[in-house]
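Next come the chains, spelled out residue by residue.
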Amino acid sequence: MNQEKIMSSIARLLKENRRFLLLTHKDPDADGIGSMLAMAKALQNAEKEVVLFTERPVLAPVNLLQGSEKIIQDFAPKNGEIDVTIVLDCGDKDRVGGREEHLIRCRPVINIDHHEVHDLFGDYNLVDPKSSSTGELVYRVIKEAGFPIDADVAENILAAIQTDTGSFRYDNTTSASFRIAAEMMEMGASPRQIFLKMTEEYSLPRIKLLEMALGVMEFYKEGRIGMVTLSAEMFEKCKAQPEDSDKFVDYLRSVSGVEMAVLVRETGKDCYKFSMRSNSTVNVARLACLFGGGGHAKAAGFECHRSIGALKKDFLKEAGRLLGDISN
Ligand SMILES: [Mn+2]
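This structure is a prediction, so every number in the text was calculated from the model and none was measured. (Residues numbered from 1 in each chain as written. Predicted model: local features only at pLDDT ≥ 70, side-chain atom pairs only at ≥ 80, totals over all residues.)

### Section: the domain arrangement of the protein
- For the protein, the assigned domains are domain 1 (3–198) and domain 2 (204–327).
- In this structure, domain 1 and domain 2 have C-alpha centres spaced 28 Å apart.
- Each partner contributes residues to the interface: domain 1 has 10 residues there, and domain 2 has eight residues.
- Taken together, the residues that form the side of domain 1 that touches domain 2 break down as four nonpolar, three polar and three charged. (Domains from an automatic or database assignment. Contact = placed C-beta atoms within 7 Å. Nonpolar A, V, L, I, M, F, W, Y, C, P; charged D, E, K, R; others polar.)

This is the structure:
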């Protein structure tokens, strides 16, 4: 099925059904939650019933988005209680967090996403890696279904696009992103308000952790790879939470000559999460795939259960190979 056909099938499903379950990936970001909230409000505006579910309560700053208080963590659907499940911004069935995985048995499942690596787990997969964000795709679906866009829908769509494009700075920004953003502003969304909501004042633990992170920067392959490894002990020392290291990878990325920035975080005993950003044509999603992860060409990640020494060695070998392919 081509994209237009999928789009119209999805729009029809939305119009013809009444009870929807909305899910996103675990540790959701503003694109996941913004897409969920925009879709939910648009469906409600069309007299539909929605259940918004995440396994864990949504954290700051994403919980500041309009309507996030409607997201619940306690839901076990009875037979026939849900007509359609919509999974947003999730390219991998395993990334739909623990209990959500049970929930995606409420079929049919619509999958709306823009990840490059994708296992197409839905019955209807609207997957477009060229889209800056899932928010942009949600906008197109809402338009296709003819549901009205109010100020709340607009705020959430703009928040999704604005954050996934790094405020329209990243390579994934297209003229379509600006057009949709402009329309959302006309509907009442404010980029300034979204910026203020999404960029909370930084906590002291975060700054202490940042100080440590900058102190342990490492560079490999003639400075083309920049890496920071944060141990669980470092988080403990700073009394920092995992989300406090969000965006640290951008510091590495800003170092002249760095083509690939990598933030490694210890998530458990001999368990590490790698977040990668590409500054060049190197496709980090391909690298993530080799280690069982996924993502986009410019931003990807994976989690691995191994000792850090062996893991780093293997990672640098594969990363070096990928960089070698580029320079040749
Ligand atoms: Mn996204």
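### Focus: the packing of helix H5 (residues 151–164) against helix H6 (residues 175–186)
- Closest axis-to-axis distance for the H5/H6 pair is 9 Å, and the angle between their directions is 150°. Between H5 and H6, the angle falls in the class roughly antiparallel. Every pair of crossing elements has a handedness; the one defined by H5 and H6 is left-handed. Along the contact surface, H5 presents Ala154, Ile157, Leu158 and Ile161, while H6 presents Ser177, Ile180, Ala181 and Met184. (Axes fitted to C-alpha atoms, helices over the stretch in contact; angles between N-to-C directions. Helix = DSSP H or I, 4+ residues; strand = E, 2+ residues; numbered from the N terminus. Parallel < 35°, antiparallel > 145°, perpendicular 65-115°, else oblique. Left-handed = near helix turned anticlockwise from the far one by under 90°.)

### Focus on the UniProt feature "domain: DHHA1" (unreviewed entry) in the protein
- Per the UniProt record, "domain: DHHA1" (unreviewed entry) is found at residues 239–319.
- For residues 239–319, the helix share is 30%, the strand share is 32%, and the end-to-end C-alpha distance is 32 Å. (UniProt positions renumbered as here; feature names shortened; annotations may be inferred.)

### Some remarks on the sheet that holds strand E12 (residues 299–305)
- Here six strands make up an open sheet; going across it, the order is E7-E8-E9-E10-E12-E11 and the pairing mixed. Because the sheet does not close on itself, it has two edges, and the strands there are strand E7 (218–220) and strand E11 (294–295).
- Summarising the sheet, E11 and E12 pair through two bridges and their orientation is antiparallel. Paired with Gly294 across the bridge in E12 is Gly301. (Pairing = 2+ DSSP bridges.)

### With respect to helix H8 (residues 204–215)
- The end-to-end C-alpha distance of H8 is 17 Å, a good match for the 16 Å that 12 residues give at a rise of 1.5 Å each.
- Those residues of H8 lying buried are Arg206, Leu209 and Ala213. For H8, the arc enclosing every buried residue in end-on projection is 65°, short of the 170-degree limit, so these residues lie on one face. Looking at H8, the residues exposed on the side facing more than 90 degrees away from the buried face are Leu204, Ile207, Glu211, Leu214 and Gly215.
- Of the surrounding secondary structure, the elements contacted by the buried residues of H8 are strand E8 (225–230) and helix H9 (232–238). (Expected span 1.5 Å × (residues − 1). Buried ≥ 20, exposed ≤ 12 C-beta atoms within 10 Å, placed from the backbone. Arc of directions from axis to C-beta.)

### Considerations on the sheet that holds strand E5 (residues 109–113)
- Spatial strand order, E3-E2-E1-E4-E5-E6: six strands in an open sheet with parallel pairing. Strands with a single pairing partner mark the edges of an open sheet, and in this sheet they are strand E3 (71–72) and strand E6 (124–127).
- Two strands pair when backbone bridges link them, and strand E1 (residues 19–24) and strand E2 (residues 49–53) are joined in this way by four bridges, in the parallel orientation. Within E2, the residue paired with Phe20 across the bridge is Val50.
- Seen against the sheet, helix H1 (residues 3–16) touches strand E4 (84–88), E5 and E6 and runs at an angle of roughly 125° to E6.
- Sheet strands in contact with helix H2 (residues 30–45) are E1, E2 and E4, and its direction is about 170° off that of E1.

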